[in-house]
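# Chains, contacts and geometry: an overview
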Amino acid sequence: MERELCFNSARNLARMIQERDLSVREVMEAHLAQIQRVNPKVNAIVSLNEELALKEADKADKMLDAGKLSGPFHGLPIAIKDTHNAVGFPATSGSLIFRDHYPSADDLIVERLRKAGAIVVGKTNVPEFAAGSHTFNELFGSTRNPYDLSKTAGGSSGGAAAAVASGMIPFADGSDMGGSLRNPACFNNVVGLRPSPGRIPFSRTALYSPLAVQGPITRNVDDAFFMLSVIAGPDGQSPLPLRSQVSGFLRKLSLI
């Protein structure tokens, strides 16, 4: 049952939670158990906080008991790329310099994920400052490929891709300037979608180049667009906002 939950799609898990076929705590406990089994070998998730994750899961179940739904991702576990700020977790960028850096505000992508009901359980490993196509650093060590532990998981979103591929989380956020979504997705047999600049607001692009974007990592294309339906959309922080509607991402995919 746990394996079935951990390798189910994010969209199916969301539906089963909302229809009360599963409790949020059941989903969370299954994924935390998978993290305990797999992460010591793969080293994809860092700064894990199981106590907080279970507390948030119970809170999400109480909301459902009261007939309230926080959003389409209600109760789904997620781990955030360690270059992105998530309140309550260190944002180290894989560097010893920032090992004790705790941000005071969420990045916009994290804010949107949480508002949609996703529960942050930890962070995903990155190369130091996300610089490189392989995920290793002096603070947390190397992330391994779950298909072959002697091989690389790619980078810089290597922790995110390896965690999704091995069923530790149903989906993850990543970022990409020169391949950091696409490279690890390819190495780990998952989907990494690099959107057009401005599709997902990323205010830090103004600091250096519009080539840097954020995007989803999932186990199938349907889930990638499910995630896009929440994290995409214009925002005043972005210097290059795309103002088209994102509701179309939720349409059922079909062959033409």
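Below: a short report on this structure. Keep in mind that what you see is a predicted model, and the values were worked out from it rather than measured. (Residues numbered from 1 in each chain as written. Predicted model: local features only at pLDDT ≥ 70, side-chain atom pairs only at ≥ 80, totals over all residues. Heavy atoms only, no water.)

### So, the overall build of the protein chain
- The helix and strand inventory of the protein chain stands at eight helices and 10 strands.
- Looking at the 256 residues of the protein chain, the share that counts as buried comes to 54%.
- A fraction of 69% describes how many contacts in the protein chain between residues 6 or more apart in sequence connect residues 24 or more apart.
- When the accessible area of the protein chain is evaluated, it comes to approximately 11400 Å², of which 53% is carbon and sulfur surface. (Helix = DSSP H or I, 4+ residues; strand = E, 2+ residues; numbered from the N terminus. Buried < 20%, exposed > 50% of the residue type's maximum accessible area, 1.4 Å probe, protein only. Contact = heavy atoms within 4.5 Å. Areas by Shrake-Rupley, 256 points an atom, 1.4 Å probe, with all protein chains shown as cover.)

### Focus on the nonpolar core
- Core analysis: the largest hydrophobic core is formed by 59 residues, its most contacted members being Phe73, Leu76, Ile78, Leu113, Met168, Ile169 and Ile231.
- Counting residues per element, this core draws most heavily on helix H3 (residues 24-42), at eight residues.
- Excluding its chain neighbours within four sequence positions, the residues that come into contact with Leu113 are Phe73, Ile78, Ile80, Ala118, Asp173, Met227, Val230 and Ile231. (Core = buried A, V, L, I, M, F, W, Y, C linked by side-chain atoms within 4.5 Å.)

### Brief notes about the packing of aromatic side chains
- Per the stated rule, a full pass over the model turns up three aromatic pairs.
- For the ring pair Phe73 and Phe171, a centre distance of 5.0 Å and an interplane angle of 65° mean the geometry is edge-to-face. In this pair, Phe73 sits in the loop between helix H4 (50-65) and strand S2 (77-81) while Phe171 sits in strand S8 (residues 171-176), placing the two residues 98 residues apart along the sequence.
- Judged by its relative accessible area of 0%, Phe73 falls in the buried class.
- Ring-pair connections join several aromatic residues into one group, and the members of that group are Phe73, Phe171 and Phe226. (Phe/Tyr/Trp six-rings, centres within 6.5 Å; stacked < 30°, edge-to-face > 60°.)

### Regarding the sheet that holds strand S9 (residues 191-192)
- Pairing is antiparallel in the open sheet, where three strands are placed in the order S8-S10-S9. Taken across any chain shown, the strands that pair with only one partner, and hence form the sheet edges, are S8 and S9.
- Pairing of S9 with strand S10 (residues 213-218), which is carried by two bridges, proceeds in the antiparallel orientation. Residue pairing across strands places Gly192 opposite Ile217, the latter belonging to S10. (Pairing = 2+ DSSP bridges.)

### Quick word on the pattern of salt bridges
- A complete count under the given rule lists 11 salt bridges for this structure.
- For the salt bridge of Asp58 with Arg25, the shortest nitrogen-to-oxygen distance reads 2.8 Å. Of this pair, Asp58 sits in helix H4 while Arg25 sits in helix H3, and the two are 33 residues apart along the sequence.
- Two residues, Asp148 and Lys151, come together in a salt bridge whose shortest N-O distance is 3.1 Å.
- Lys151 gets classed as partly exposed once you look at its relative accessible area, which sits at 46%. (Salt bridge = Lys/Arg side-chain N within 4 Å of Asp/Glu carboxyl O.)

### Observations concerning helix H5 (residues 108-115)
- Every buried residue of H5 is accounted for by Leu108, Ile109, Val110, Arg112 and Leu113.
- Summarising the contacts, the buried residues of H5 are in contact with S2, S8, S10 and helix H8 (221-231).

### A closer look at the packing of H5 against H8
- Across the interface, H5 lies against H8 with an axial gap of 9 Å and an inter-helix angle of 105°. If you check the angle between H5 and H8, you find them roughly perpendicular. Here H5 contributes Ile109, Arg112 and Leu113 to the contact with H8, which in turn contributes Met227, Val230 and Ile231.
- Taken together, the residues that form the contact of H5 with H8 break down as five nonpolar, no polar and one charged. (Axes fitted to C-alpha atoms, helices over the stretch in contact; angles between N-to-C directions. Parallel < 35°, antiparallel > 145°, perpendicular 65-115°, else oblique. Nonpolar A, V, L, I, M, F, W, Y, C, P; charged D, E, K, R; others polar.)

### Thoughts on the sheet that holds strand S1 (residues 45-46)
- Strand order in the open sheet formed by three strands is S1-S3-S2, and the pairing between neighbours is mixed. Strands at the two margins of the open sheet, each flanked by one partner only, are S1 and S2.
- Pairing of S1 with strand S3 (residues 119-124), which is carried by two bridges, proceeds in the antiparallel orientation. Residue pairing in the sheet places Val46 in a bridge with Lys123 of S3.

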